[in-house]
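# Summary of structural features
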Amino acid sequence: MSATVSDHVLQRLREWGVDQVFGYPGDGINGLLAAWGRADDQPRFVQSRHEEMSALQAVGYAKFSGRLGVCAATSGPGAIHLLNGLYDAKLDHVPVLAIIGQTHRSAMGGSYQQEVDLHSLFKDVASEFLETVNVPEQLPNVLDRAIRTACARRCPTAVIIPGDVQELEYSAPTHEFKMVPSSLGRGSWTTVPSEESVRRAAEILNSGDKVAILVGQGAAGARPEVERLAGLLGAGVAKALLGKDVLSDELPYVTGSIGLLGTRPSYELMRDCDTLLTIGSSFPYSQFLPEYGKARAVQIDVDPHMVGLRYPYEVNLVGDAKATLERLIPLIEAGRGREWYDTVCDNVRHWRDVLERRAAVPADPVNPEYVTRTLDALLPDNAVVTSDSGSTANWYARHLTMRDGMRGSLSGTLATMGCAVPYAIGAKFAHPDRPVVALVGDGAMQMNGLSELITAAKYRDRWEDPRLVVAVFNNQDLNQVTWEMRAMEGAPSFLPSQELPDVRYADFARSLGLTGVRVEQPEEVEAAWRTALAADGPAVLDFRTDPAVPPVPPHATWDQIEATATAVLKGDADRAAMVRQGFKAKVQEFLPGREKK
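## A look at the overall build of the chain
- On a plain count of helices and strands, the chain comes out with 22 helices and 18 strands.
- Whereas a compact globule of 597 residues would reach a radius of gyration of roughly 25 Å, the chain reaches 25 Å, a difference of no more than 12%.
- When the backbone C-alpha atoms are referred to their principal axes, the chain occupies close to 80 × 60 × 45 Å.
- Expressed as a percentage of its 597 residues, the buried residues of the chain come to 58%.
- Taking contacts inside the chain between residues at least 6 apart in sequence as the whole, the part at least 24 apart equals 74%.
- Counting only carbon and sulfur atoms, one obtains 49% of the accessible surface of the chain, whose full area is about 23500 Å².
- Positive and negative side-chain charges of the chain, numbering 60 and 76 respectively, have mean locations separated by a distance of 3 Å.

## Structural notes on the packing of aromatic side chains
- Here the structure, examined in full by the defined rule, presents 11 aromatic pairs.
- Here the aromatic rings of Trp36 and Phe45 are separated by 4.9 Å at their centres, their planes lie at 80°, and the arrangement is edge-to-face. Neither Trp36 nor Phe45 differs from the other in exposure class; each is buried.
- A centroid spacing of 5.3 Å and a plane angle of 40° characterise the contact between Trp529 and Phe543, whose relative ring orientation is tilted. Taken together, the residues span a long stretch of sequence, with Trp529 in helix α20 (residues 525–533) and Phe543 in strand β18 (residues 539–544) at a distance of 14 residues. Each member of the pair Trp529 and Phe543 is classed as buried.
- What links up through ring pairs into an aromatic cluster is the set Phe22, Tyr61, Phe429, Tyr459 and Trp463.
- Its guanidinium or amino end placed over the ring of Tyr396, Lys244 lies 5.5 Å from that ring's centre, counting from NZ or CZ.

## A short note on helix α13 (residues 368–378)
- The buried fraction of α13 amounts to 8 of the 11 residues, a majority that puts the element mostly inside the structure.
- Looking only at α13, the buried set comprises Pro368, Glu369, Val371, Thr372, Thr374, Leu375, Asp376 and Leu378.
- Those residues of α13 that are buried are in contact with α12 (339–359), α14 (391–399), β15 (436–441), β16 (468–474), α20 and β18.
- Where α13 begins, the capping side chain belongs to Asn367, and its oxygen is found 2.8 Å from the backbone nitrogen of Glu369.

## Describing the sheet that holds strand β10 (residues 275–279)
- What the 6 strands build is an open sheet, ordered β9-β8-β7-β10-β11-β12; its pairing is parallel. In this open sheet, the two strands that pair with only one neighbour each are β9 (254–257) and β12 (315–318). Averaged over all adjacent pairs, the angle separating strand axes in this sheet is 15°, with direction ignored.
- Both β10 and strand β11 (residues 296–301) contribute to a ladder of 5 bridges, which runs parallel. Residue Leu276 lies in a different strand from β11, and its bridge partner there is Ala297.
- Each of β7 (211–215), β10, β11 and β12 is contacted by helix α8 (residues 195–207), which is oriented at about 130° to β12, the strand it contacts most.
- Sitting on the sheet, helix α11 (residues 321–328) is in contact with β10, β11 and β12, with an inclination near 135° to β11.

## Quick word on unusual backbone geometry
- For the peptide bond that leads from Gln42 to Pro43, omega is 0°, which places it in the cis range.
- When you line up the elements, Pro43 lands in the loop between α2 (30–38) and β2 (44–47).
- Note the cis peptide between Asp364 and Pro365, where omega equals 0°.
- With respect to the element layout, Pro365 can be found in the loop between α12 and α13.

## Thoughts on the sheet that holds strand β5 (residues 130–132)
- The strand order across the open sheet formed by 6 strands is β2-β1-β3-β4-β6-β5, and the pairing between neighbours is parallel. Looking at which strands have only one partner, the edges of the open sheet turn out to be β2 and β5. This sheet shows a mean twist of 25° between the axes of neighbouring strands, independent of strand direction.
- Against the sheet, helix α4 (residues 77–92) touches β3 (69–73), β4 (96–102) and β6 (156–162), its axis set at about 165° to β4.
- Along the sheet face, helix α6 (residues 139–153) touches β4, β5 and β6 and points at about 165° away from the line of β6.

## A look at α2
- Within α2 the residues assigned to the buried category are Gly31, Leu32, Ala35 and Trp36. Take α2 and look down its axis: the buried residues cluster within an arc of 145°, on one side only.
- Buried residues along α2 sit against α1 (5–15), β1 (20–23), β2, β4 and α7 (163–166).
- Trailing α2 by a residue or two, Asp40 shows a phi angle of about 55°, which is positive.

## So, the side chain of Asp546
- Looking at the secondary structure, you find Asp546 in the loop between β18 and α21 (558–567).
- Among the residues examined, Asp546 registers a relative accessible area of 6% and is labelled buried.

## A few points about the pattern of salt bridges
- Evaluation of the coordinates by the stated rule reveals 31 salt bridges.
- We note a salt bridge from Glu268 to Arg264, for which the minimum N-O separation is 3.4 Å. Separated by 4 residues within a single helix, Glu268 and Arg264 lie in helix α10 (residues 264–272), roughly one turn from each other. Like Glu268, the residue Arg264 is buried in the burial classification.
- Connected via shared salt-bridge partners are Asp502, Arg518, Glu520 and Asp542.

## Some points on the side chain of Asn394
- Its location among the elements puts Asn394 in helix α14.
- Judged by relative accessible area, which is 1%, Asn394 ranks as buried.
- Those residues in contact with Asn394 that lie beyond four places of it in its chain are Leu260, Leu261, Gln480 and Pro551.

What counts and what doesn't
Residues numbered from 1 in each chain as written. Predicted model: local features only at pLDDT ≥ 70, side-chain atom pairs only at ≥ 80, totals over all residues. Heavy atoms only, no water. Helix = DSSP H or I, 4+ residues; strand = E, 2+ residues; numbered from the N terminus. Rg over C-alpha atoms; globule rule 2.2 N^0.38 Å. Buried < 20%, exposed > 50% of the residue type's maximum accessible area, 1.4 Å probe, protein only. Contact = heavy atoms within 4.5 Å. Areas by Shrake-Rupley, 256 points an atom, 1.4 Å probe, with all protein chains shown as cover. Lys, Arg positive; Asp, Glu negative; His and termini not counted. Charge placed at Lys NZ, Arg CZ, Asp CG, Glu CD. Phe/Tyr/Trp six-rings, centres within 6.5 Å; stacked < 30°, edge-to-face > 60°. Lys NZ or Arg CZ within 6 Å of the ring centre and 35° of its normal. Polar contact = N/O pair within 3.5 Å; in protein donor to acceptor, adjacent residues only side chain to side chain. Pairing = 2+ DSSP bridges. Axes fitted to C-alpha atoms, helices over the stretch in contact; angles between N-to-C directions. Arc of directions from axis to C-beta. Salt bridge = Lys/Arg side-chain N within 4 Å of Asp/Glu carboxyl O.

Function-wise, these values are silent; they only describe arrangement.
Right under this line is the structure:
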């Protein structure tokens, strides 16, 4: 039997080193599915419960493997479902290829079933490369360019293949006019800035007495160089959330996350510094960076389109973080005073003490900070951690100590709900020999996490280390938005939009043959974590957490927190008084012995 276009698609993916494709079946990709059957499921087809989950699994796989993530979906509704996950890839700069079915060419333009204008639909999310394969000879060039572009520009790309084209006999492009040949491989390269710009950057950094460094995911390959530079400059290092695993939080000068979900020492680092170096980050919240005109600044980023966006940098070094730092470090003068460094380290020690005490504050029934704090001490050194969006991201950002060898991520720029569980599944396929922990709010769990537990159960035997722990912060509230309403609008929670039903998540897990534990008292928390981390397969922990524990921003004033507390549960005087008392305790712990500003 002659090879079809679909057969060649799978062959080409294998030649590019693609191990699995995350997808969901449909008649728009029947030709591809038949080819998968002939190819003995190589690359492996990983079946999700929904196409959006397929895309998010591909994003998670790409983030944690450093390789291309691939997802596939049928025409019409299946293609539409991919969009949110692909936008997550676009906004977090992750290489993902989407292979999408389409109505037969003969039916196009006839308002046929599931006929959607896919080019209009995908022209933004896959703006770097989007093409439809209309004839077999077109396929290798289109597929190869889509893969090269996704990897080179760290973005999603899309290839659309009509159903009838999938089943055509494959014919390679010939050596003729208007044929476009192609080849495998994309090579490797390193972008470096000019010597002059590096020298100017060094002059700025050498002139600073109070240097702050901000790292993002673009600094991930330059950990030794960042540590060396921080030592020479006596600098503190803050981390954008996507760069949380770039440096170990055990280093005394690492101040942790920055921004609304960040730490107090990161806020103080940016507030008080006189020089800023940003490496591999497009951190968007400029209000958390130094005041304009107060600090001189330098940026390093490999993407020339992403430099100079957030702050008035004097020098923008366009280059790979590692290669650029290797050229910059020899020009940095050591031997500056330690007063700034000692202050940064003191702030970090103080903050860790504050976190410990905040986690110990009693709550009704369980303090979510205590849940995360307890996990921190139990995490294996090779663990991969994913976090969903919402209040859970606050506890991930502040309470988990990233040590060397650990990995962690979330939906950074899109901040989509429902990413943690599919990310975790993608992580398991990227690292089947490592334990994975997903921190999920009950809103995200009800949105799509419950269904993806079925996917985890389906593939548990494929993973060398079968542990995938899903921790649900069950507070029966869409908590982040609730607190935003209170803080920004001064309004109590609007229950019709915010209140969630109490789902028995652990019971559902047990119905799938997974480990499930419901936790309703603080004294049960540690045992539950230990049970899940020792399980021989996926486990779900249902933590009944208190929605009245606030994700206090690092720059919050007493007046803001008091006003927010007053709005909590308006009309219930006893409960409001209790919440205000809890707020007061948290503020006193937040800045003990310091001016409450």
